[in-house]
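What follows is the residue order along each chain.
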Amino acid sequence: MESGFDNLDAAGFLQIWQHFDSDDNGYIEGKELDDFFRHMMTKLRPQDQITEERVQQLKQRFMSAYDATADGRLQIQELANMILPEDENFLLIFRREALLDNSVDFMKIWRKYDMDSSGYINAIELKSFLKDLLAQHKKDVSSSKLDEYTHAMMNIFDKNKDGRLDLNDLARILALQENFLLQFKIDAGSQVERNRDFEKIFSHYDVSKTGALEGPEVDGFVKDMMELVRPSISGPELDELRAVLLHHCDVNNDGKLQRNELALCLGIKPKA
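The rules we used
Residues numbered from 1 in each chain as written. Predicted model: local features only at pLDDT ≥ 70, side-chain atom pairs only at ≥ 80, totals over all residues. Heavy atoms only, no water. UniProt positions renumbered as here; feature names shortened; annotations may be inferred. Helix = DSSP H or I, 4+ residues; strand = E, 2+ residues; numbered from the N terminus. Contact = heavy atoms within 4.5 Å. Areas by Shrake-Rupley, 256 points an atom, 1.4 Å probe, with all protein chains shown as cover. Disulfide = S-S within 2.5 Å. Phe/Tyr/Trp six-rings, centres within 6.5 Å; stacked < 30°, edge-to-face > 60°. Buried < 20%, exposed > 50% of the residue type's maximum accessible area, 1.4 Å probe, protein only.

- The name recorded for the protein chain in an unreviewed UniProt entry is Secretagogin, from Clupea harengus.
- One UniProt comment on the protein chain, placed under Subcellular location (unreviewed entry), says "Cytoplasm".

If you want it as structure tokens, here you go:
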């Protein structure tokens, strides 16, 4: 399906995204979406008269093909799939099928590329992340192209424009799924229900299946727990909260959260 954006590069794509995501919420939706498809029509059929009916027809045709989440709005990956040529579509590596469904895996990536442990990912660290990710997907790019991609990604996702990415920014890049803990009400229900929910929660974060949360498993749990209260937390805040949790719950001081330690901390009666 022709998009009408021939020879578009990453920088040009960035300009289009920033123009149509006018409220900067990470989606093109509502009036933004209509404006985008009106613009698309001028690219696809410059000789045709643009009517509201034709705009809506074009919108329906493209959304049925590219709105992978079927939510009636475009994410940046979906728009990239729509208008960027294949050899330029560096965002294909963040396609919907690659969704991270566990914040533990997300925190492993965060810890690996926050090389200076600053609690943020700067442009150099982001470049290293993109280089490894492109190599993993067997995409060979030149050094100048990697620089261009890094600059584009930083411009798209660095929402406060301070030249670095925080936890929330990277979560948007990697399309981290909804907070796992949102489905539970750990402080409600019967003791049996609370115990059952706790076992599901512990099993989710105990990715290594050792019977204890450690390293990024603790990080992932802390991130999700705190984001039940606040929309997002920074890397330094996560480190602070992690230390507080371990101080209060890590009874044997081994740097891990055993099942019974976390249960007691959450007011759950641990299994005998």
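## A word on the overall build of the protein chain
Working step 1: Check the secondary structure of the protein chain and you find 12 helices and four strands.
Working step 2: Taking contacts inside the protein chain between residues at least 6 apart in sequence as the whole, the part at least 24 apart equals 58%.
Working step 3: Within the structure as shown, the protein chain displays about 14300 Å² of accessible surface, and the carbon and sulfur contribution to it stands at 49%.

## A few points about the state of the cysteines
Working step 1: Applying the stated rule across the entire model yields one disulfide.
Working step 2: Sulfur-sulfur distance for the disulfide between Cys249 and Cys265 comes to 1.7 Å. The S-S bond linking Cys249 to Cys265 shows a torsion near -95 degrees; that makes this disulfide left-handed. A residue pair is termed long-range when its members are at least 10 positions apart, and Cys249 in helix 11 (residues 235-249) and Cys265 in helix 12 (residues 259-265) qualify at 16 residues.

## Focus on the packing of aromatic side chains
Working step 1: This model, assessed by the stated rule, comprises nine aromatic pairs.
Working step 2: Centroid distance Tyr113 to Phe129: 5.2 Å. Interplanar angle 75 degrees. Geometry classified as edge-to-face. Of this pair, Tyr113 sits in helix 5 (residues 103-113) while Phe129 sits in helix 6 (residues 123-136), and the two are 16 residues apart along the sequence. The same class applies to Tyr113 as to Phe129, namely buried.

## A closer look at helix 4 (residues 76-83)
Working step 1: Across the eight residues that make up helix 4, a large majority, seven, are buried.
Working step 2: Every buried residue of helix 4 is listed here: Ile76, Gln77, Glu78, Leu79, Ala80, Met82 and Ile83.

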